[in-house]
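Descriptive analysis of the structure
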Amino acid sequence: MALIALAADKGAPGVTTAAVALGAVWPRPVLVAECDQAGGDLVYRLPGESGMLNPARGMLSLAATARRGLRPDQVEEHCQRLVGGLDVLVGLTNSEQAQGLSWLWGPLGRAFSSLGSVDVIADCGRLSTGTGLLELLREADMVVLLTRPTLEQVVHLRERATALGTELRGGPPIGILVVADPRDYRGSVAEVDRIVAGARLPATVLGGFALDPKGAEMLRGQWGGRLDRSLLIRSAREVAGGLVGRLTAAPGPHARAARPADAVRGR
C-alpha cells in the first residue's frame with residue numbers, strides 16, 4: 001500500500017506524537033515505524049499489549065535480518081503491538097547505532113512500500129542535508145514535513161523544503177503540516193500556506209495538527225478522559241482523511257483504495 005514519511009527540520013514540532021496519533025485514527029490497516037536516526041523513544045512512551053515494549057525487537061532485530069536480504073513479509077516478524085491495537089516497529093535507541101546502519105534505509109523503504117496489505121507511517125525525526133534517510137524518502141508515496149508557525153521554524157522549513165525538492169527531484173510529493181495553537185489554528189495554517197506559496201516552495205500545505213499537550217498525554221495513557229474527543233485526535237482525523245484522499249485520488253505505485261474509517265483503537 002502506501003509509505004508516508006513524517007519528518008521535521010529542527011526544534012520539537014512533535015513528529016512522534018503526530019505519527020502515533022495518525023496511526024490511531026488511520027482509516028486503513030497501518031504500521032507506525034520509528035526511523036529516526038537520532039534514536040526513537042516509543043519504548044519509553046507507550047505500553048505494549050504484553051507490558052513494556054522490547055527495545056531489542058524492532059529496527060535492531062530487523063537490521064540483523066536485512067544483512068542477508070530483506071523481504072517485505074519479514075517486517076511483521078519484528079513489530080510489536082501497543083495497548084489499543086496499533087502495530088509499531090520500534091526504532092534504534094541512539095544515534096551511535098544508526099551510524100553503522102546507513103545501508104539499511106534503502107532496503108527498508110523498499111520493503112515498506114511493497115507491503116501489500118498495510119500502509120506505513122514512518123517517523124523520520126529531524127532531517128539534515130544529505131541524510132542517509134534519503135534512500136527511504138525516495139521510496140515514499142509522500143514526504144510530510146511538520147513545523148510550528150514561528151518565524152524561526154518557518155525559515156528552517158523553507159530551507160529544508162527547498163533542499164528536499166532538489167534531493168528528491170522526480171520523487172514523492174512534499175507536504176507540510178503546521179502544529180498550531182488551537183486559539184489561532186486556522187490563522188496559523190493560512191499564514192504558513194501564504195509564505196510557502198509566496199516562496200514557491202516545492203511543497204503543499206496540507207493542514208495542521210492542534211498543539212494539544214493534554215491530548216498527547218492521553219495518547220500516552222498518562223491522562224484520563226476521552227481521547228477521541230481531544231483536539232489532537234480531532235485534528236489527526238482530519239489530516240488522516242486528507243492524506244488518504246490524496247493517495248487515493250492520485251495513487252503512487254503502492255497506494256490502494258481506502259477502507260472505511262475505524263474508531264480510535266481501544267481508547
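What counts and what doesn't
- Residues numbered from 1 in each chain as written.
- Predicted model: local features only at pLDDT ≥ 70, side-chain atom pairs only at ≥ 80, totals over all residues.
- Heavy atoms only, no water.
- Helix = DSSP H or I, 4+ residues; strand = E, 2+ residues; numbered from the N terminus.
- Rg over C-alpha atoms; globule rule 2.2 N^0.38 Å.
- Contact = heavy atoms within 4.5 Å.
- Areas by Shrake-Rupley, 256 points an atom, 1.4 Å probe, with all protein chains shown as cover.
- Lys, Arg positive; Asp, Glu negative; His and termini not counted.
- Charge placed at Lys NZ, Arg CZ, Asp CG, Glu CD.
- Axes fitted to C-alpha atoms, helices over the stretch in contact; angles between N-to-C directions.
- Parallel < 35°, antiparallel > 145°, perpendicular 65-115°, else oblique.
- Nonpolar A, V, L, I, M, F, W, Y, C, P; charged D, E, K, R; others polar.
- Polar contact = N/O pair within 3.5 Å; in protein donor to acceptor, adjacent residues only side chain to side chain.
- 1 Å grid on protein atoms, 1.4 Å probe; cavity = no way out; pocket = protein on both sides within 12 Å on 5 of 7 lines; lining within 4 Å.
- Points joined across faces, edges and corners; volume = space filled by probe spheres on them.

**Concerning the overall build of the protein**
A count of helices and strands for the protein gives 10 helices and 10 strands. Whereas a compact globule of 267 residues would reach a radius of gyration of roughly 18 Å, the protein reaches 17 Å, a difference of no more than 12%. With the C-alpha coordinates aligned to their principal axes, the bounding extent of the protein is approximately 50 × 45 × 35 Å. Of all intrachain contacts in the protein linking residues separated by at least 6 positions in sequence, the fraction that spans at least 24 positions is 78%. When the accessible surface of the protein is totalled, it reaches about 11,700 Å², and 50% of it is carbon and sulfur. Seen as two clouds, the 30 positive and the 27 negative side-chain charges of the protein have centres 2 Å apart.

**Focus: the packing of helix α1 (residues 15-25) against helix α10 (residues 231-249)**
Between α1 and α10, whose axes approach to 9 Å, the crossing angle comes to 75°. Relative to α10, the element α1 is oriented roughly perpendicular. Touching Thr17, Ala21, Leu22 and Val25 of α1 are Leu232, Ile233, Ala236, Arg237, Val239, Ala240 and Leu243, all from α10. Grouping the amino acids of the contact of α1 with α10 by side-chain chemistry returns 9 nonpolar, 1 polar and 1 charged.

**Here we look at the side chain of Asp123**
Turning to its location among the elements, Asp123 is positioned in strand β7 (residues 119-126). Of note is the side chain of Asp123, whose polar atom sits 3.1 Å from the backbone nitrogen of Gly125. Those residues within four positions of Asp123 in sequence are excluded, and the remaining contacts are Leu6, Val15, Thr16, Ala19, Ala33, Glu34, Cys35 and Asp36.

**A word on empty space enclosed by the protein**
Applying the stated rule across the entire model yields 3 cavities of 30 Å³ or more. A volume near 50 Å³ is recorded for the largest cavity. For the largest cavity, the full set of lining residues is Ala8, Asp9, Lys10, Leu145, Leu146, Thr147, Gln153, His156, Leu157 and Arg160. Those elements that provide at least two residues to the lining of the largest cavity are β8 (142-147) and α7 (151-167).

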